[in-house]
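# Per-entry structural report
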Amino acid sequence: LLETLSLERVHVVGHDHGGAIAQLLAAHHPDRIDRLVLCNAEAYDNWPSGDERPYVIAMQLPVIGPLLRLALSSRKTSKFILREAKAVNNPSALTDELVAGYVRANLSDSHKRAKTARFLAGQLDPGNNRHTLEAVGRFRRFDRPTMLLWGTEDPHFGPEWADRLATDIPGFCRKELLRTGHLVMEEQPHRFAALLVDFLTTRRTSD
């Protein structure tokens, strides 16, 4: 993608699965990254988290799975599940517009519900854990400036994962903790954006 866009080096911001991809990019192509920001990301062997696994498995069951996906196509049900899963710490962040967008993109018709089922099935692939674990050795040589911008109330990828990443990234230089659930950029968008802009635009002597 970077080569197609003629981008030699970029800032990379990764959240959730995107954070895992960012780790692999940093491990295998560190020369393509100027600065790195990770936010509540899958890492090491936490694919999926212990809390998520029963839900992901239920989604694959022959009868229960399709019924669950159909139920989640209701905005009211989706909002309830997102709230219970601590997607946000402040439930008011789950606006009707936000939830409708998630439903429209992922669950609004049978084709999208089938794609969501395949995506969730991929969560159970042991290759995910293998790739992120195998990348740690290379990741420990990544010395570009790195910030961990983390929501503290995420039960799936809590601040202990940020602490572990901080010890493994030589370029780690900043950690910002926000009192949010998993969807840190949705729950505190202005604070999130301000911290990103500050980190990505302030020049440092090491750059």
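The shown structure was predicted, so the numbers you read here are calculated from the model rather than taken from an experiment.

For the rest of this paragraph, the subject is the sheet that holds strand S2 (residues 33-41). Sheet architecture is open: four strands sit in the order S1-S2-S3-S4, paired in parallel fashion. Each edge of the open sheet is held by one strand with a lone partner, namely strand S1 (10-16) and strand S4 (172-178). On average, each strand axis in the sheet is inclined to that of its neighbour by 15 degrees, with strand direction left out of account. In this structure, S1 lies alongside S2, joined through six bridges in parallel fashion. The residue bridging Asp16 from the neighbouring strand is Ala41, located in S2.

With that out of the way, let us pick up the pairing of strand S3 (residues 146-151). Every regular strand shows the same layout, with side chains that alternate between the two sheet faces. Among the six residues of S3, six are classified as buried, and the element is accordingly described as predominantly covered. Of the two faces of S3, the one carrying Thr146, Leu148 and Trp150 and the one carrying Met147, Leu149 and Gly151 are both buried. You can see the chain leave S3, run along helix H9 (residues 159-168) and come back into S4, and the turn it takes is right-handed.

This next bit is on the side chain of Asp34. With respect to the element layout, Asp34 can be found in strand S2. Those residues in contact with Asp34 that lie beyond four places of it in its chain are Arg9, Val10, His11, Arg144, Pro145 and Arg203.

Running from amino to carboxyl end, helix H4 (residues 75-84) crosses helix H5 (residues 96-106) at an angle of 100 degrees, the nearest separation of the two axes being 9 Å. Of the possible angle classes, the one that applies to H4 and H5 is roughly perpendicular. Residue-level inspection shows Arg75, Ser78, Lys79 and Leu82 of H4 in contact with H5, the latter providing Asp96, Val99, Ala100, Tyr102 and Val103. Its residues assigned to classes, the contact of H4 with H5 shows five nonpolar, one polar and three charged.

Further remarks concern empty space enclosed by the protein. For the coordinates displayed, the defined rule picks out one cavity of 30 Å³ or more. When its volume is computed, the largest cavity comes out at roughly 40 Å³. Every residue lining the largest cavity is listed: Gln23, Tyr44, Thr132, Ala135, Val136, Phe139 and Leu165. Of the residues contributing to the lining of the largest cavity, the split by class is five nonpolar, two polar and no charged.

About the thresholds
- Counting from 1, residues in each chain are numbered in the order their sequence is written.
- The model is predicted, so local features are restricted to residues of pLDDT at least 70 and side-chain atom pairs to those at 80 or more, both for listing and for counting; the totals for chains, interfaces and linings are taken over all residues.
- Just so you know, side-chain values use all the structure's heavy atoms and leave hydrogens and water out.
- Note on pairing: two strands pair once DSSP finds at least 2 bridges between them.
- Where helices and strands are cited, they refer to DSSP runs of H or I of at least four residues and of E of at least two residues respectively, numbered from the N terminus.
- Axes here refer to lines fitted to C-alpha atoms; in helices the fit is confined to the stretch in contact. Angles between the N-to-C directions go from 0 to 180 degrees.
- Think of it in three bands: with a 1.4 Å probe and only protein chains considered, a residue is buried below 20% of the maximum accessible area for its type, exposed above 50%, and partly exposed in between.
- We call a crossover right-handed when, viewed with both strands directed away from the observer, the connection leading from the first strand over the helix to the second proceeds clockwise.
- Residue contacts are counted whenever heavy atoms from the two residues lie within 4.5 Å of one another.
- An angle below 35 degrees is treated as roughly parallel, one above 145 as roughly antiparallel, one from 65 to 115 as roughly perpendicular, and anything else as oblique.
- Put simply, Ala, Val, Leu, Ile, Met, Phe, Trp, Tyr, Cys and Pro go in the nonpolar bin, Asp, Glu, Lys and Arg in the charged bin, and everything else, Gly too, in the polar bin.
- Note on definitions: the grid is 1 Å and covers protein atoms alone; a cavity is a set of points where a 1.4 Å probe fits but cannot get out; a pocket is an open set with protein on both sides within 12 Å along at least five of seven lines; lining residues have an atom within 4 Å of a point.
- Grid points are joined across faces, edges and corners, and a volume is the space filled by probe spheres set on the points.

The analysis is restricted to geometry; functional conclusions fall outside its scope.
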